[in-house]
Amino acid sequence: MTTVGVPAGWPATEEEARAVQDRLRGRVVLDEPGPPPGTGRVTGVDVAYDDDRDLVAAAAVVLDAATLEVVAETTAVGRISFPYVPGLLAFREIPTVRAALDALPCPPGLVVCDGYGLAHPRRFGLASHLGVLTGLPTIGVAKNPFTFTYNDPGPGRGSAAPLLSGTEDVGRALRTRDGVKPVFVSVGHRVSLDNALAHTLALTPAYRLPETTRRADALCRRALQEATAGAAQEASMRQAPTS
DNA sequence: GCGACAG
DNA sequence: ATCTTGTCGC
């Protein structure tokens, strides 16, 4: 487990954060297809919070894209770097997620984020931001439609419908399991939408959510609990050093 | 101005 | 995200 602080120069206000998004937005690469689904590695990243203790834990789990078996996994714990503000999620998640990615013993391949990429008020969501900062191919798979609209996809797995920001097409509502609520897929960095959808389907042979996010979610929760337990133990040591 | 709003 | 028990169903 890695420990991280808030990076120097990290935005402290919403205004600064929006300015960063406007400045970095132009660096997103949208004209690359990205790695072919089912080959190489796919990495899930996710974060869990304890706002009261000002703790955040991130996990990165690398899967073999063909077998979906775990190849490597890391965690990182740090201080919360930004409040939750819709549209500014990346500033809350990225420092710890990057630390977890940096700690991996192997290249992550495609990174699957829990949230959005292009589908964002300024077209620069978490997946876009993480991709630009790391140079890695990224996609976003979100559980909720955020502020976007869509028509229900057909009932079968694989059915998809446009995710719309007004009249602008920013991603897809994708049914990953028969008769189950869709997930919301958008491109991040260096991956086409078709490839993002294919990867998402390849990662959902059994559940609504990609195996990558399921694994990363479980791991970061565990890491947060261990960090929380560690903090509690240190506190009791200070009160009763012999216990 | 008010409400909604990824995690 | 997180607080939280049981419960219906395959």
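Residues numbered from 1 in each chain as written. Chains lettered and ligands numbered in written order. Predicted model: local features only at pLDDT ≥ 70, side-chain atom pairs only at ≥ 80, totals over all residues. Heavy atoms only, no water.

A. Representation of the overall build of chain A. Of regular secondary structure, chain A possesses five helices and nine strands. When each of the 243 residues of chain A is scored for burial, the buried share is 49%. Residue pairs at least 24 apart in sequence account for 66% of intrachain contacts in chain A once pairs closer than 6 positions are excluded. Carbon and sulfur atoms make up 51% of the accessible area of chain A, which totals about 11,000 Å². Put simply, chain A has 24 plus and 26 minus side-chain charges, and the middle of one group is 1 Å from the middle of the other. (Helix = DSSP H or I, 4+ residues; strand = E, 2+ residues; numbered from the N terminus. Buried < 20%, exposed > 50% of the residue type's maximum accessible area, 1.4 Å probe, protein only. Contact = heavy atoms within 4.5 Å. Areas by Shrake-Rupley, 256 points an atom, 1.4 Å probe, with all protein chains shown as cover. Lys, Arg positive; Asp, Glu negative; His and termini not counted. Charge placed at Lys NZ, Arg CZ, Asp CG, Glu CD.)

B. Highlighting the side chain of Ser-128. Mapped onto the secondary structure, Ser-128 falls in helix H3 (residues 126-134). Only 3.2 Å separates the side chain of Ser-128 from the backbone oxygen of Gly-117, close enough to count as a polar contact. Leaving out residues up to four positions away in the same chain, Ser-128 has contacts with Val-28, Gly-117, Leu-118, Arg-123, Thr-138, Val-187 and Gly-188. (Polar contact = N/O pair within 3.5 Å; in protein donor to acceptor, adjacent residues only side chain to side chain.)

C. Representation of the packing of helix H2 (residues 90-102) against H3. Interaxial distance between H2 and H3 falls to 10 Å at its minimum, and their mutual angle equals 45°. Accordingly, the angle class assigned to the pair H2 and H3 is oblique. For the pair H2 and H3, the sense of crossing is right-handed. Of the residues in H3, those in contact with Ala-90, Phe-91, Glu-93, Ile-94, Val-97, Arg-98 and Leu-101 of H2 are Leu-126, His-129, Leu-130, Leu-133 and Thr-134. Residues belonging to the contact of H2 with H3 are distributed by class as follows: eight nonpolar, two polar and two charged. (Axes fitted to C-alpha atoms, helices over the stretch in contact; angles between N-to-C directions. Parallel < 35°, antiparallel > 145°, perpendicular 65-115°, else oblique. Left-handed = near helix turned anticlockwise from the far one by under 90°. Nonpolar A, V, L, I, M, F, W, Y, C, P; charged D, E, K, R; others polar.)

D. Looking closely at the pattern of salt bridges. By the definition in use, this model includes 13 salt bridges. Across the pair Arg-190 and Glu-32 runs a salt bridge, and its minimum N-O distance is 2.9 Å. Here Arg-190 is found in the loop between strand E9 (183-189) and helix H4 (193-202), whereas its partner Glu-32 is found in the loop between helix H1 (14-24) and strand E2 (41-50), with 158 residues between them in sequence. In this structure Glu-32 comes out as partly exposed when scored by relative accessible area, which is 30%. Through salt bridges with shared partners, a single ionic network connects Glu-211, Arg-214 and Arg-215. (Salt bridge = Lys/Arg side-chain N within 4 Å of Asp/Glu carboxyl O.)

E. Focus on the UniProt feature "binding site: Mg(2+)" (unreviewed entry) in chain A. The UniProt entry lists Asp-46 and Asp-114 under the feature "binding site: Mg(2+)" (unreviewed entry), expressed in the numbering used here. A maximum C-alpha distance of 6.3 Å is found for the annotated residues, which run over 69 residues; spatially they form one tight group. Taking relative accessible area as the criterion, Asp-46 reaches 6% and is therefore assigned buried. Tracing the backbone shows Asp-114 in the loop between strand E5 (110-113) and H3. The buried category is assigned to Asp-114, whose relative accessible area is 16%. Setting aside its immediate chain neighbours within four residues, Asp-114 contacts Val-45, Asp-46, Leu-89, Leu-126, Val-141 and Lys-143. A polar contact is formed between the side chain of Asp-114 and the side chain of Lys-143, at a distance of 2.9 Å. (UniProt positions renumbered as here; feature names shortened; annotations may be inferred.)

F. Geometry of the protein's contact with DNA strand C. Neighbouring DNA strand C are the residues Ala-48, Tyr-49, Lys-143 and Arg-221. Contact distances for DNA strand C include 3.4 Å between a phosphate oxygen and a side-chain N or O atom of Arg-221. In terms of residue class, the surface near DNA strand C is built from two nonpolar, no polar and two charged. (Near = heavy atom within 4 Å.)

G. Molecular detail of the pairing of E9. Most of E9 is tucked away: seven of the seven residues are buried. Sheet topology note: the strand E6 (residues 138-142)/E9 ladder contains five bridges and is antiparallel. Residue pairing for E9: Gly-140 is matched across the bridge by Ser-186. Sheet topology note: the strand E8 (residues 168-174)/E9 ladder contains three bridges and is antiparallel. Each residue of the ladder has a partner; that of Arg-172, found in E9, is Val-185. (Pairing = 2+ DSSP bridges.)

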